[in-house]
Amino acid sequence: MKNRWWLALAGVALLGLAAGAQEKDTFTPMPLDAGFGKLDISDPATPAEEIIKKFAAKESEFQEALNHYTYRRMARVQTVDDDTNKVDGEWYQVDDVTFDPTGRRMEKTVFAPESSLQRVMMSPSDLQDIQKGYPFVLTTEEIAQYNVKYVGRQKVDEVDCYVFDVGPKQIEKNKRYFLGRIWVDATDLQIVVTNGRMVPDDTRKGKEDLHPPFMTWRQQIDGHYWFPVYTKGEGVLHFEGGSGYMSQDVHIRDTIKYTDYKRFGSTIKIIYDGQDITKNGPQQGQTNNGQQQGQPAAPAQSKPQQGKPQN
């Protein structure tokens, strides 16, 4: 988010930052959600390096499968007045992630009312985080860019998970990276929960571009893969001001829902664990809201602002 309160016009061109620019916190972090069990920090039976290699390969399979699914993304960004605890500004957009007649991946905006945000404005990095950062995928092709450290084992609801801390080895210009913690299903070896932030923030005075921490929950949709279903980001961004801009703290709340997953086309092959599962339909035993029984539940979304379309 970029600070919109200024005393004089200033340029807002964004430049890439060195990794050291992230040493200073620019947000108040959000706590873990309910449903997390006790963390077992003992060494795993399987070497951590082998677990990392295997889950990165499964994430690559998932990414390939996701590339053949259509879905709807509903994204809401709100500012909250901490004196009244009421929403005082909102950006809202609904996009269908689908394919054009040639089979090329595309996003189509189906609803986007005028933004009422006053204290901040959406930046290109905010949109990039919504599109690609929040549904974080750590594939074999990308894992070399990250330091991945085994933390332990922990249950998320009833799912036994390996826990890893993840951060970029270095930050290159014009690229966004995940910094935080992931929970990987110990059986399916796929990410089920992501908790952290996207970096880098631009902390230069007068050109600050800050982002809240977030959590993303996945859910088994087709019985094989864990798909993102809900993201919540919330924190107080600390804009220091300067160069004609006023200093201020802004309480930001992001909520993103991913719904209506559908496979595209009948000639697509989806390979899972070396086997073609293209013809396998969704699993039985789902609850009325589409959640797989026995899997972690995505939390209820914050109540929409009065007068806005419902999700």
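Residues numbered from 1 in each chain as written. Predicted model: local features only at pLDDT ≥ 70, side-chain atom pairs only at ≥ 80, totals over all residues. Heavy atoms only, no water.

Student: Describe the overall build of the chain, listing the residues and the values that go with them.
Tutor: Along the backbone of the chain there are two helices and 14 strands. The 311 residues of the chain split such that 48% are buried. Put simply, of all contacts in the chain between residues at least 6 apart along the chain, 64% involve residues at least 24 apart. Counting every atom, the chain has about 15600 Å² of accessible surface; 50% of that belongs to carbon and sulfur. (Helix = DSSP H or I, 4+ residues; strand = E, 2+ residues; numbered from the N terminus. Buried < 20%, exposed > 50% of the residue type's maximum accessible area, 1.4 Å probe, protein only. Contact = heavy atoms within 4.5 Å. Areas by Shrake-Rupley, 256 points an atom, 1.4 Å probe, with all protein chains shown as cover.)

Student: Tell me about the pattern of salt bridges, and please be specific about residues and values.
Tutor: Per the stated rule, a full pass over the model turns up 16 salt bridges. Here E59 makes a salt bridge to R218, at a shortest N to O gap of 2.9 Å. One end of the pair, E59, is in helix α1 (residues 48-66); the other, R218, is in strand β10 (residues 214-220), and 159 residues separate them in sequence. For the pair formed by E59 and R218, the shared burial category is buried. Three or more residues joined by partner-sharing salt bridges are found here, namely R73, D95 and E107. (Salt bridge = Lys/Arg side-chain N within 4 Å of Asp/Glu carboxyl O.)

Student: An account of the sheet that holds strand β6 (residues 146-156) is requested, with residue identities and associated values reported.
Tutor: Strand-to-strand pairing in sheets goes through backbone hydrogen bonds, with the strands running parallel or antiparallel. Read across the sheet, ten strands follow the order β4-β3-β2-β12-β11-β10-β9-β8-β7-β6 without closing on themselves; strand pairing throughout is antiparallel. Of all strands in the sheet, those bounded by a partner on one side alone are β4 (105-111) and β6. Here the average twist between neighbouring strands, direction ignored, is 20°. Here strand β11 (residues 226-239) runs beside strand β12 (residues 248-263); their pairing, made up of ten bridges, is antiparallel. Paired with F239 across the bridge in β12 is Q248. (Pairing = 2+ DSSP bridges. Axes fitted to C-alpha atoms, helices over the stretch in contact; angles between N-to-C directions.)

Student: If you had to explain the nonpolar core to someone new, which residues and values would you point to?
Tutor: Soluble globular proteins: nonpolar side chains tend toward being buried together. Of all hydrophobic cores here, the largest spans 65 residues; its most connected members are L138, F164 and I182. Once you skip the residues sitting within four places of it in the chain, I182 turns out to touch F55, F136, L138, Y162, V163, F164, V166, I191, V193 and T194. (Core = buried A, V, L, I, M, F, W, Y, C linked by side-chain atoms within 4.5 Å.)

Student: Break down the side chain of E234 for me, citing the residues and quoting the values.
Tutor: By the secondary structure assignment, E234 is in strand β11. Looking at E234, the relative accessible area reads 16%, which means it is buried. A polar contact is formed between the side chain of E234 and the side chain of R253, at a distance of 3.5 Å. (Polar contact = N/O pair within 3.5 Å; in protein donor to acceptor, adjacent residues only side chain to side chain.)

Student: Explain unusual backbone geometry to me, using residue names and the numbers behind them.
Tutor: Among all residues save glycine, negative phi is the norm, and among peptide bonds the norm is trans. With an omega of 10°, the peptide bond running from V199 to P200 counts as cis. By the secondary structure assignment, P200 is in the loop between β9 (191-199) and β10. Non-glycine residue N174 carries a positive phi angle of around 70°. Structurally, N174 is set in the loop between β7 (159-168) and β8 (177-185).

Student: Give a detailed account of the environment of K207, specifying residues and quantitative values.
Tutor: Structurally, K207 can be placed in the loop between β9 and β10. Separated by 32 residues in sequence, K207 and F239 place their C-alpha atoms 9.7 Å apart.

Student: Tell me about the packing of aromatic side chains, and please be specific about residues and values.
Tutor: This structure, assessed with the given rule, holds 17 aromatic pairs. By the ring-pair criterion, three or more aromatic residues cluster together here, those being F62, Y69, Y71, Y225, F227 and Y261. (Phe/Tyr/Trp six-rings, centres within 6.5 Å; stacked < 30°, edge-to-face > 60°.)

Student: Can you explain the confidence of the model for the chain? Please cite residues and give values.
Tutor: Residues at a pLDDT of 70 or more form 75% of the chain, whose mean pLDDT is 82. Taken as a whole, residues 5-29 scores under 50 in pLDDT and shows 61 contacts with residues more than four places along the chain or in a different chain. (pLDDT = per-residue confidence, 0-100.)

Student: For the pairing of β4, give the residues involved together with the corresponding values.
Tutor: Pairing analysis gives six bridges linking strand β3 (residues 86-99) to β4, with the strands arranged antiparallel. Following the sheet pairing, T98 is matched in β4 by M106. Counting the residues between successive antiparallel strands, the hairpin from β3 to β4 contains five residues, one of them, G103, with a positive phi of roughly 90°.

Student: Requested: an account of the pairing of strand β2 (residues 69-81), with residues and values cited.
Tutor: Counting buried positions along β2 yields eleven of 13 residues, so the element is predominantly enclosed. Here eleven bridges tie β2 to β12, and the two strands are oriented antiparallel to one another. Within β12, the position partnered with R72 by the bridge is T259. The pairing of β2 with β3 spans eleven bridges and is classified as antiparallel.

Student: Explain α1 residue by residue, including any values.
Tutor: The terminal C-alpha atoms of α1 lie 26 Å apart, and with 19 residues this matches the ideal 27 Å at 1.5 Å per residue to within 8%. Every buried residue of α1 is accounted for by A48, I51, I52, F55, A56, K58, E59, S60, F62, A65 and L66. (Expected span 1.5 Å × (residues − 1).)

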